[in-house]
Amino acid sequence: MVEDGHKQEVHLTIGRLLRGESGGSSRDEALFTITEHLNRGAMLITDRAERRALAEMNLTVGRRAKAAIAYQTAADYLRAGIALLGDALDASWADDYALCYGLHAELCECAFLTGDLAEAEALFGTAIARAHAPADQAHLHDMRMVLYTTAGKYRETLDAGWTALALFGLEAPTGAGGRAARMEAELARAQATLAERTPEALLDAPGLVDPERRLEMKILIDMSLAGYFVDPVQFALAVARAVNISLEHGHMDLSAYAYMLYGLVLQASGKLREAHRFGELGLALCARWNSPRVEAKVLCSAASTLMTLFEPLRASLPRAARGMKLALESGDTLSFSYCAYMKLFNKAAAGEELRALRAGLTEVRARLVSLKNAPGIEVVELGMQFAACLMGETRARTSLGDATFDEDALEARLEQADASFNAGWYYTLKVQLAVLYGDPRGALASAVRAEPFCTALAGCFFLTDLIFYASLARATLGADGADGADGADGAGGADAEALAQGRAQLAAWTESCPESFLHKKLLVDAALARASGDPIAAMGLLDQAIEAARRHGFVHHQAFASEMLAELHLAEGRPHAASLHLSEAHGAYLRWGATAKAEHLAETYAEIFVPWPGMQRPGGSAEASPALPSSTVTTTTGDTKSSALDMVALLRAAQAIASEIVLEKVLDRIMRLVVENAGAQRGFLFLPREGKLMTSTSMTVQPDTVTVGPPVPLEETRDVAHTVVHYVERTRDPVVLADAHRDTRFAGDPYILARRPRSLLCLALTHQGKLTGVLYLEHNDAADAFTPARLEICHVLCSQAAIAVENALLVARVQASTTALQRLNGELEAQIALRTEELRETNDHLTRELGERARAEIERARLQEEVIQVQHERLSEMSTPLIPITDRIMVMPLIGTMDAARVNQVLETALEGAQSRAASVVIIDITGVRRVDSHVASSLIKTAAALRLLGAQVVLTGMRPEVAHTIVSLNIDLKGIVTVGTLQSGILHALRHSGEAGRIRSALA
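Quick caveat: nothing in here was measured; it's all calculated off a predicted structure.

Student: Describe empty space enclosed by the protein, with residues and values.
Tutor: Within the structure shown, the criterion is met by six cavities of 30 Å³ or more. Approximately 220 Å³ is the volume found for the largest cavity. Along the wall of the largest cavity there are 21 residues; nearest its centre are Tyr-228, Tyr-257, Cys-300, Tyr-338 and Met-342. Those elements giving two or more residues to the lining of the largest cavity turn out to be α11 (211-230), α13 (253-268), α15 (292-302) and α18 (333-350). Looking at which element gives the most residues to the lining of the largest cavity, the answer is α18, with five residues.

Here you go:
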């Protein structure tokens, strides 16, 4: 055991030994160990060089710990490094600037990331005062901007940003007018450049390498975040300048985010589609950079209206979730906060089940508390209180206040200049609550209070909800019905104009994304039609709105539309229809989790609201309303007998099931009606196929989806309790489990052991004693969810479902037989047609082949003729060659037998050659001629005469004795022809005759 007094010495000795053994290059684990030992003995180190070396080791391991997201550990090492410099700290700033700057800059960031904002602020002040490199000062100012933004000090963020930019020669504009002028100039510059380049063409821009420009880009981006909340002009100015840097100097990773923000600037000016293109450009560019920090920012923007005005709202949720993950991993606390905001706003707008919404926000709030992000905590708490309000846990139906949340104090804080964003979110929630609880004038009063903050809400999806609910309130009151609303304009004309603008925006958004906006547009149009005295049109629009909201999963809007339709039927004197739609609205509100709103609905329409059996009516009565006739349907469920059922709703449901004959539609309709009326969260329908149960249909409530086919064997379906299904299949008895994992009969089921479901219901579908299917339902949030009353409802619906399934299967079999017969007839006709076509093609092929053969034969003969002709021409050329000796002397050697054709060729060749070359002597050498007859001799005489006419002398050489004898015996006159014995002598004669001999001798001399 080492005594306390010697521990420092022991640690120091161990650290020095380990450092010596490592040789100065240690792995991360070893380096952390060495540094830890040396730090514990640092008080005993007196050598300044050793203390400096240890400070440098602390900087190294501090940076590595920060990279591993161990911010508190990193901060401890960095503080130890600064402490080691001790009294020499001032000198070290001068002599060892890089070490001192690195320790302070890293500690500033780690203190901020661990939530110690006071220490971070003090360190920033020290480091900025000591830093002498402009880039270092700018980097510190930029980190300080992030600190201010996190704390909600947006004005201080902008001031720090301009201070940093001034280091690069970019002075802050003076006053609001100067900022506006600078913004317009930067935007004009960007637009001029982009006029010649499409967003898609920017993908291949070069990289930005200038370090000062890169740092300026980061400062501008961080400034834009603060400007977004408090100063739209400075937001647009910072974004436009960042875009201009990217366009003029090249891209870096932050360019992707700059283009996303530029899209928001365009969106604010009404250029929605162009804005969306820049959003797509930002996503495409981001994919080219391996930068999780920037990707988190880009994904945050991708969850904004930049993309959600063109894509289904729920598509943004995975992006926001991934952005939160990347932001945490890269230490970007601001991007984590903003991604969390977008996820909250979009989940709330999509109608997320309220308990799940609040549960998710609890974890986010804890993270923001650790970061001391007060504005972010407030944003999340507002979302949690909104859920609590609709669940009946606040002081009043439209109040967000409770024992832990002071709404009055909140409203006072929202009057501050830097609270625009949170104020807009708060008043949007108040508008929605007022509309839900039938207070359109109160909704307009809150909308008027939200209006000044709308510019700070650009990009947030809840801004579209603010416009939707405000338009709905104005439409409910009629175009001029808002006069005199407390806090509202008090001017009907202004409200009419605002309603027209709201409807125009909803129409534009519906065109770009009908999945998210069609039902909202229909709701506003329906409210306006009702206020205008056209209930029939309003009913039709509301029916469409209910279907559109249901199809795209907006359960809260489906509930509200059903409530509106019920009110309309009641006003028109149709209490039966009103009661039906009230029941649908009530069920949808419950699926949303808005239990307080569901109770309010039941209380407001107590005279006509008929609950499902077992549901308590206001005042404790469970009896049917006298306004609606009721009947009693009795069935057996074990030993339990049923109570009175709402025959109106049940008959409507049964008719809906019976109206379908296509199996897929029957299964879809059955699942929707049974799951909704039983109050289940998920369900499966199994149908027997070839002796086995097969999963044919499944449904979930969140999200509201039904999946039909293809059939999967029960054994391969993992999300159900197989033993329960097989039990019902075997016994035909229903199974109702109040708390499944506590029921000893099925407690050993692997699914129940692993998933621990709560309420479970499984029923057999039978028709004429035959099993036609097994229905399996679950509710995992509550025990005893399937009450006896709901069980009876399911029995009635399942009876009709069994018949409908059997009929649909029969129709399917008939259709299959008809289709098979049609297919066989079609196949036979096709085979006949195919055989006919094959014979025709064979005949055509033979015809084509014979024609091709004839053409080939003709072509062969033509080619043969051409070959012969070419060969003849070549032989002719070879048999009568004309060889130039000089420019004016030519020799034609003749070899072989001379026939008439060849003699004529000799004549033509000699004449053409003599004329073309202007020859004065043509030597005809007959040394190689085998025989000379009278015809050959006379032809030679004609050739000589013709050449003389052209001015050429003919010299005959190579006269053999037998040829001379023949010429003499034939008495042929060779007058005019010079005869020489040999070709050589003939050439000499020609040279002398033509005068070429002297010229040749002169050339040789």
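Student: I'd like a description of the pairing of strand β10 (residues 889-896), backed by residues and values.
Tutor: With six of eight residues buried, β10 lies mostly within the body of the structure. Across two bridges, strand β9 (residues 883-884) lies against β10 in antiparallel orientation. Bridging from a neighbouring strand, Pro-884 pairs with Met-890 of β10. Following β9, the chain reverses through four residues before pairing antiparallel with β10.

Student: Before we move on, can you summarise the packing of aromatic side chains with the specific residues and values?
Tutor: Taken as a whole and judged by the stated rule, the model has 22 aromatic pairs. Centre to centre, the rings of Tyr-341 and Phe-421 are 5.9 Å apart; their planes meet at 35 degrees, and the pair counts as tilted. With Tyr-341 in helix α18 and Phe-421 in helix α22 (residues 420-436), this pair connects stretches of sequence that are 80 residues apart. Residue classification places Tyr-341 among the buried positions, given a relative accessible area of 5%. In textbook terms, an aromatic cluster arises when at least three aromatic residues are bridged by ring pairs, as seen for Tyr-228, Phe-235, Tyr-338, Tyr-341, Phe-345, Phe-421, Trp-425 and Phe-462. Over the face of the ring belonging to Phe-554 we find Arg-314, whose NZ or CZ atom lies 5.6 Å from the ring centre. Note that Lys-597 overlies the ring of Tyr-437, its terminal NZ or CZ placed 5.2 Å from the centroid.

Student: Run through the packing of helix α17 (residues 316-330) against α18, naming residues and quoting values.
Tutor: α18 packs onto α17 with a crossing angle of 160 degrees between their chain directions and a minimal axis gap of 8 Å. The angle between the axes of α17 and α18 places the two elements in the roughly antiparallel class. Helix-helix and strand crossings are classified by hand; for α17 and α18 the assignment is left-handed. Of the residues in α18, those touching α17 at Ser-316, Leu-317, Ala-320, Ala-321, Gly-323, Met-324, Ala-327 and Leu-328 are Ser-335, Phe-336, Cys-339, Ala-340, Lys-343, Asn-346 and Lys-347.

Student: Could you give an account of the pattern of salt bridges, naming the residues involved and the relevant values?
Tutor: Per the stated rule, a full pass over the model turns up 51 salt bridges. With a closest N to O distance of 3.1 Å, Glu-295 and Arg-322 form a salt bridge. Taken together, the residues Glu-295 in helix α15 and Arg-322 in helix α17 connect sequence positions 27 residues apart. The network of salt bridges with shared partners includes Glu-186, Arg-189, Arg-213, Glu-216, Arg-241 and Glu-248.

Student: Tell me what's going on with unusual backbone geometry, and back it up with residues and numbers.
Tutor: With a phi close to 65 degrees, Arg-732 is a non-glycine residue in the positive phi region. For Arg-732, the location among the structural elements is in the loop between α33 (722-731) and β6 (735-737). Positive phi values are uncommon outside glycine, yet Arg-756 reaches one of about 50 degrees. By the secondary structure assignment, Arg-756 is in the loop between α34 (750-755) and β7 (759-767).

Student: So what about α17? Which residues, and what values?
Tutor: With 15 residues, α17 extends 21 Å from end C-alpha to end C-alpha; this agrees with the ideal 21 Å at 1.5 Å per step. Every buried residue of α17 is listed here: Ser-316, Leu-317, Ala-320, Gly-323, Met-324, Leu-326 and Ala-327. Elements in contact with the buried residues of α17: α15, α16 (305-308), α18 and α19 (354-370). Just downstream of α17, Gly-331 is the residue with a positive phi angle, here 75 degrees.

Student: For the packing of α18 against α19, give the residues involved together with the corresponding values.
Tutor: Running from N to C, α18 and α19 point in directions that differ by 165 degrees, and their axes come no closer than 11 Å. When the axes of α18 and α19 are compared, the pair comes out roughly antiparallel. Here α18 and α19 pass one another in a crossing that is left-handed. Contact with α18, carried on its side by Phe-336, Ser-337, Ala-340, Leu-344, Lys-347 and Ala-348, involves Leu-357, Leu-361, Val-364, Arg-367 and Leu-368 of α19 and no other residues of that element. Looking at the contact of α18 with α19 residue by residue, the class counts come to eight nonpolar, one polar and two charged.

Here is what the cut-offs are and how they apply
Residues numbered from 1 in each chain as written. Predicted model: local features only at pLDDT ≥ 70, side-chain atom pairs only at ≥ 80, totals over all residues. Heavy atoms only, no water. 1 Å grid on protein atoms, 1.4 Å probe; cavity = no way out; pocket = protein on both sides within 12 Å on 5 of 7 lines; lining within 4 Å. Points joined across faces, edges and corners; volume = space filled by probe spheres on them. Helix = DSSP H or I, 4+ residues; strand = E, 2+ residues; numbered from the N terminus. Buried < 20%, exposed > 50% of the residue type's maximum accessible area, 1.4 Å probe, protein only. Pairing = 2+ DSSP bridges. Phe/Tyr/Trp six-rings, centres within 6.5 Å; stacked < 30°, edge-to-face > 60°. Lys NZ or Arg CZ within 6 Å of the ring centre and 35° of its normal. Axes fitted to C-alpha atoms, helices over the stretch in contact; angles between N-to-C directions. Parallel < 35°, antiparallel > 145°, perpendicular 65-115°, else oblique. Left-handed = near helix turned anticlockwise from the far one by under 90°. Contact = heavy atoms within 4.5 Å. Salt bridge = Lys/Arg side-chain N within 4 Å of Asp/Glu carboxyl O. Expected span 1.5 Å × (residues − 1). Nonpolar A, V, L, I, M, F, W, Y, C, P; charged D, E, K, R; others polar.

Such coordinate-based values are descriptive only and should not be taken to indicate function.
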